[in-house]
Number of protein chains: 2
Amino acid sequence: MNSKVYVGVDIGGMTVKLGIFEGEKILKQWAVPTRVKEQKIAADIAETIKDALKELEIPEENIQGIGIGVPGNARPDGFVYNASNIGWKDYDLGAEIKKDLNVPVAVGNDANLAALAEYWMGSGKAYKSFVLLTIGTGLGGGIINEGRIVNGMMGSGGEVGHMPVNPDETLVCGCGKCGCLEQYTTATAIMRMAREAIEEGKLSTAIESKTPTAKDVLDAAKAGDPLAEKVMDDFAKRMGQGMAIIASVMNPEAFLLGGGVSKAGDYLLDLIRPYYEKYLFKGCVGAEFKIAALENDAGIIGAAKLAMDSFPAGWDAVTE
Amino acid sequence: MNSKVYVGVDIGGMTVKLGIFEGEKILKQWAVPTRVKEQKIAADIAETIKDALKELEIPEENIQGIGIGVPGNARPDGFVYNASNIGWKDYDLGAEIKKDLNVPVAVGNDANLAALAEYWMGSGKAYKSFVLLTIGTGLGGGIINEGRIVNGMMGSGGEVGHMPVNPDETLVCGCGKCGCLEQYTTATAIMRMAREAIEEGKLSTAIESKTPTAKDVLDAAKAGDPLAEKVMDDFAKRMGQGMAIIASVMNPEAFLLGGGVSKAGDYLLDLIRPYYEKYLFKGCVGAEFKIAALENDAGIIGAAKLAMDSFPAGWDAVTE
């Protein structure tokens, strides 16, 4: 094959996902383990890409660029300031990759690249400016403004999970502060709030476990369970506050909700909307609420798009 | 004179400020009353610009473009969604100006244009991404991201004064909501909080008036007056929270503080900084704190820059 291709890489704590793209078409999609302890991540990425190209019979020089998403903050040129889950601090990922594979490398925050993916081929296609909120074990955020990622100074644009929405909170967040949005608006938070309510002896008609999952709580709330409804109301109140705050900063056209909790779909959007509207500045009305489309593939898709935007076709790669 | 010029216009509730610019040089700077009741604002602007050009002996066709800042939300093409202080709703300001003066018109929110002005020739020159907070009777905001204004969908980007920082507040903000940042972080708020403390019989060693001005309170706080210090501490706590929130959304390189209260300078920055750092997500550290440079001229300077960016020299004006 003589295709000009881009590679999208999404580095997670357990696996590195990869995809080889020819335009919007994914020629091959696979994953390898993230060897954090051995610190073989960059070398593994270069090697597995080489193997995949061989299999596809695409010469290495046909790679136009590699885009990589990291769970941390990074600069587009490949420098990672911090990705504590995988042990990187001030680490030049771009240079490490280039030791084994002489192609242009662009790097970004994984949540920001997920937003770029939604912009390119997901629920964000209709908008120029929107905010993706990924509600899973944590609350990730990525912001697209006029078609471009808001990276900020250190790649920490869109780190909305850690905005201080409650200065009176005494419970400590994973980040070390108190009162972060993420403490109320994740699967983890739903589980914690339900557990606390059960321990306090609050009434539940539908939850049997003493330690219900977020899905247990969501299902029970949908079924009208009072304990679960109260938990989801607390969740929705803070989510509405957080989204109204973001609206006053960015005035986006839309909010996209992704991640595991977003599978609750319209039920979730309908819970959040009244609080959002209560807290929203009237000059910032009009943003639409949507569920994100790309799920687990968002990482490699956004990473490939970052590479396409950074090293467009016809761009003459100047590599060392 | 045969200069190619731009006009910067800043529409306020009482006066319309204007400036004729040749590059960075202001050839003439003046003001006319804002005739809100008569709704003569657009016609007055066109007429006074014509008069000024005659006086400067510059032909009308030498105007490359007019930029206008409005106290409300607007689209760059000249359409004003809302500027309630001057009675505009869905008003095509650009088209109105062009009835009398056939030149390209660009319109923006006044606080956003003040930020653009700081970017061009003020305290924001050193940065690509920063946030200007104007602390006066209200809290205005303008955001520059990678050298461009964050307008958002309806020109309401940067409306940070109305972010809901306190869902438990019962006092109503001018916008009709409760718990906006602006309720704690303006000259108005400083006066209110001091008045309330005096009414509650709290101890003051330095404030004589029952209704002190913001400057009275600031001066008293600097002199160690306990009542004033407590008021400024409450102010600083919310300002720190608000700025940490903005940092988690935008990850800016700097915050610039402008407006009347910012005249307190380093004293103010030093009050805010500890709270900001307390609430700040560690991934977003590093933003500098500065006092804005341009004061009252920021409006016309930013408006002129908007026109320059919208209709660059050599741009061939297509007007109806």
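Source: prediction; values computed, not measured.

### A few points about the overall build of chain A
Then, number 1: A count of helical and extended segments in chain A gives eight helices and 13 strands.
Then, number 2: Here the C-alpha atoms of chain A give a radius of gyration of 21 Å, agreeing with the 20 Å that 2.2 N^0.38 yields for 320 residues.
Then, number 3: A principal-axis box enclosing the C-alpha atoms of chain A has dimensions of 65 × 45 × 35 Å.
Then, number 4: Out of the 320 residues belonging to chain A, those deemed buried represent 59%.

### Notes on the confidence of the model for chain A
Residue and element names in this part refer to chain A.
Then, number 1: Here chain A averages 94 in pLDDT, and 97% of its residues register 70 or above.
Then, number 2: Segment residues 316-320: pLDDT under 50, and six contacts once partners within four positions in sequence are set aside and those in other chains are kept.
Then, number 3: Two summary scores accompany this predicted model of the complex, namely pTM at 0.94 and ipTM at 0.93.

### Considering the relation of the copies chain B and chain A
Then, number 1: Of the two same-sequence chains, chain B is brought onto chain A (RMSD 0.0 Å, axial shift 0.0 Å) by a rotation of 180°. The symmetry that links the two subunits is that of a two-fold axis. If distances are taken from each C-alpha of chain B to the rotation axis, the shortest is found for B:Val165, at 3.1 Å.

### Let's talk about the sheet that holds strand 10 (residues 139-145) of chain A
Residues and elements named next belong to chain A.
Then, number 1: What the five strands build is an open sheet, ordered 11-10-9-12-13; its pairing is mixed. Only two strands of the sheet have a single neighbouring strand rather than two, namely strand 11 (148-149) and strand 13 (288-291).
Then, number 2: With two bridges connecting them, strand 10 and strand 11 associate as antiparallel partners. Bridge pairing links Asn 145 to Arg 148 in strand 11.
Then, number 3: Strands in contact with helix 7 (residues 266-279) are strand 9 (130-135), strand 12 (254-258) and strand 13; relative to strand 13, the strand with the most contacts, it is inclined by about 155°.

### Notes on helix 7 (residues 266-279) of chain B
All names here are of chain B.
Then, number 1: For helix 7, spanning 14 residues, the distance from its first C-alpha to its last is 20 Å, which sits close to the expected 20 Å at 1.5 Å a residue.
Then, number 2: At Arg 273, helix 7 is deflected by roughly 30°, the largest bend along its length, and proline Pro 274 occurs up to four residues later in sequence.
Then, number 3: Those residues of helix 7 that sit buried are Leu 268, Leu 269, Ile 272, Tyr 275, Tyr 276 and Tyr 279.
Then, number 4: Residues of helix 7 that are buried in the fold lie against strand 9 (130-135), helix 6 (226-250), strand 12 (254-258) and strand 13 (288-291).

### Quick notes on the side chain of A:Lys28
Then, number 1: Here A:Lys28 shows up in strand 3 (residues 25-33).
Then, number 2: When near neighbours in sequence (up to four residues on either side) are disregarded, A:Lys28 contacts A:Leu18, A:Gly19, A:Ile20, A:Ala52, A:Glu55 and A:Leu56.

### Section: the pairing of strand 7 (residues 88-92) of chain A
All names here are of chain A.
Then, number 1: Direction of pairing for strand 6 (residues 79-83) relative to strand 7: antiparallel, over a ladder of four bridges. Across the sheet, the residue bridging to Val 80 is Tyr 91, located in strand 7.
Then, number 2: Counted between consecutive antiparallel strands, the loop separating strand 6 from strand 7 contains four residues, among which Gly 87 sits at a positive phi close to 75°.

### Topic: the interface of chain B and chain A
Then, number 1: Residue-level contacts link 47 residues of chain B with 47 residues of chain A.
Then, number 2: Both faces combined, the contact of chain B with chain A buries some 3600 Å², and carbon together with sulfur accounts for 58% of it.
Then, number 3: Three residues stand out in chain B for area buried against chain A, namely B:Met153, B:Val249 and B:Phe281, and they jointly supply 18% of the buried area on that side.
Then, number 4: Connecting chain B to chain A are two salt bridges.
Then, number 5: Salt-bridge contacts for B:Glu146 lead to A:Arg148; the nearest nitrogen and oxygen are separated by 2.7 Å.
Then, number 6: In this structure, the connection of chain B to chain A is made through 23 residue pairs in polar contact (both at pLDDT 80 or more).
Then, number 7: Going through the elements one at a time, strand 10 (139-145), strand 11 (148-149), helix 6 and helix 7 of chain B are the ones with two or more residues in the side of chain B that touches chain A.
Then, number 8: It is helix 6 of chain B that contributes the most residues to the side of chain B that touches chain A, eight residues altogether.
Then, number 9: Here the residues of the side of chain B that touches chain A sort into 22 nonpolar, 15 polar and 10 charged.

How each quantity is defined
Residues numbered from 1 in each chain as written. Chains lettered and ligands numbered in written order. Predicted model: local features only at pLDDT ≥ 70, side-chain atom pairs only at ≥ 80, totals over all residues. Heavy atoms only, no water. Helix = DSSP H or I, 4+ residues; strand = E, 2+ residues; numbered from the N terminus. Rg over C-alpha atoms; globule rule 2.2 N^0.38 Å. Buried < 20%, exposed > 50% of the residue type's maximum accessible area, 1.4 Å probe, protein only. pLDDT = per-residue confidence, 0-100. Contact = heavy atoms within 4.5 Å. Least-squares fit on C-alpha atoms with pLDDT ≥ 70 in both. Pairing = 2+ DSSP bridges. Axes fitted to C-alpha atoms, helices over the stretch in contact; angles between N-to-C directions. Expected span 1.5 Å × (residues − 1). Bend = angle between axes of the 7 residues up to and from the residue. Buried area = accessible area lost by both parts, 1.4 Å probe. Salt bridge = Lys/Arg side-chain N within 4 Å of Asp/Glu carboxyl O. Polar contact = N/O pair within 3.5 Å; in protein donor to acceptor, adjacent residues only side chain to side chain. Nonpolar A, V, L, I, M, F, W, Y, C, P; charged D, E, K, R; others polar.

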